[in-house]
Amino acid sequence: YLQFPKNHIFVIMNVKNMVLMILTIGVKYLYGQDPEFSQFYNTPLYTNPANAGGAINTKDEQFATRIGLNYRNQWQSLKGSYQTVNASWDRQFNKLHGGLGSLLVRDVVGSGLLTTTSVAAIYAPTFRLNEMITLKGGVQIGYVLKSIDFNKLQFADQINPGTGPFAPTNEPPPTSNISFANFGLGTIAYIKNAHLGFAVHNLFEPNQSFYGNSDGNLPKRYTIHAAGRIQTFKQGKWVNYLTPYILYMKQQNFSQINLTTNYQMGRVLFGAGFRQTLGGFGNSDAVIGVIGYKVARFQFTYSYDKTVSSAAPAAKGSHEIGLIYLISLKKIFPDLLLTSPTY
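This is a predicted model, so every value here is computed, not measured. (Residues numbered from 1 in each chain as written. Predicted model: local features only at pLDDT ≥ 70, side-chain atom pairs only at ≥ 80, totals over all residues. Heavy atoms only, no water.)

Caption draft 1: Expanded view of the side chain of asparagine 57. Turning to its location among the elements, asparagine 57 is positioned in strand 3 (residues 56–57). Given a relative accessible area of 2%, asparagine 57 falls into the buried group. Within the local environment of asparagine 57, its side chain forms a polar contact with the side chain of serine 328, the two groups lying 2.8 Å apart. The contact partners of asparagine 57, leaving out residues within four places of it in the chain, are Gln62, Ala64, Ala296, Arg297, Leu326 and Ser328. (Helix = DSSP H or I, 4+ residues; strand = E, 2+ residues; numbered from the N terminus. Buried < 20%, exposed > 50% of the residue type's maximum accessible area, 1.4 Å probe, protein only. Polar contact = N/O pair within 3.5 Å; in protein donor to acceptor, adjacent residues only side chain to side chain. Contact = heavy atoms within 4.5 Å.)

Here it is, written out as structure tokens:
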């Protein structure tokens, strides 16, 4: 969200492959969305702060400390693609009647043109409504730092129509770094092996303009998600599960739905998904393939997004890796066997 002065022409250029994004006269804003993950079920704290403290080691049915690491390289066929790292930690605390968590997200756009680093602390209280339903809330308090490398931007006054960029720009440089506090809320209802959650991020829509524009706000991000785990086969220690997931996300005028179904056969996991953007910008976005390895304490998942929109010739696809490691908390048992919230 660079928000340059109104009625200025500017171009973002990656020198290596001369891919240009030209914004013509009359453009006031360059809008950006929060980073997204195809494996949203493997980024539980990023998806919904109410997930903090919900991890269970299925081997001993005890709550567990969860350590997560995710990496996404979006549209790697374009030089200067979007690269996002998500690291998280969370666990249950009985004395707090809920879970605590921490979250670090670093997003790099255009080979360092725009870098966003955010950290957050999360508290997720637990409420047992009855013998069947558990409700968790989530409160997220964070700090965001954004940095822009002005030297990687190319403006209209630099460009020679015949030969390309040729001179320094006369455009005033923006502030190189901005920072702000950010907040989020969430809730999840668990019913045995299924759950339904809702979250809102960027709660107070903080200003993120590098030029100090008063209306340069980061829009709220709304998320609705659900999942259920179905046991399909069991013989001794060999257990197979089918887990369908659905996520709907909306941020300002952009919205999307992500449908994914994973099947765990013993220790091997594989699945498929589809992402569709909705509304005025609606189009089929990507087909997603998933493969992974999962045991009680450790999970590795790799997914690939095959772009199926009109951007496919240039932005062929995206890679994503998810790692989760669990450390059992001895003598801390859940009230209910809630296996699906552990993802």
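Caption draft 2: Fine view of unusual backbone geometry. The backbone phi angle of histidine 97 is positive, close to 55 degrees, even though this residue is not glycine. If you trace the backbone, histidine 97 turns up in the loop between strand 5 (82–93) and strand 6 (98–109). On the accessibility criterion, histidine 97 (58% relative accessible area) is exposed. Of note, glutamine 252 is a non-glycine position whose phi angle comes to about 55 degrees, a positive value. As for its placement among the helices and strands, glutamine 252 is situated in the loop between strand 16 (238–251) and strand 17 (254–265).

Caption draft 3: A look at a positive patch on the surface. On the surface, Lys59, Lys237, Arg267 and Arg297 cluster together into a positively charged patch. Looking at where lysine 237 falls in the secondary structure, it is placed in the loop between strand 15 (230–235) and strand 16. With a relative accessible area of 87%, lysine 237 lands in the exposed category. (Patch = residues over 30% accessible without salt bridge, like charges linked within 9 Å, V, L, I, M, F, W, Y side chains within 5 Å. Areas by Shrake-Rupley, 256 points an atom, 1.4 Å probe, with all protein chains shown as cover. Salt bridge = Lys/Arg side-chain N within 4 Å of Asp/Glu carboxyl O. Lys, Arg positive; Asp, Glu negative; His and termini not counted. Charge placed at Lys NZ, Arg CZ, Asp CG, Glu CD.)

Caption draft 4: Here's a closer look at the pairing of strand 13 (residues 194–201). Where strand 12 (residues 177–191) meets strand 13, seven bridges bridge the pair, whose relative direction is antiparallel. Bridge pairing links glycine 186 to alanine 199 in strand 13. Hairpin connection, strand 12 to strand 13: the antiparallel pair is bridged by two residues, and lysine 192 has positive phi, about 55 degrees. Here strand 13 runs beside strand 14 (residues 221–228); their pairing, made up of eight bridges, is antiparallel. (Pairing = 2+ DSSP bridges.)

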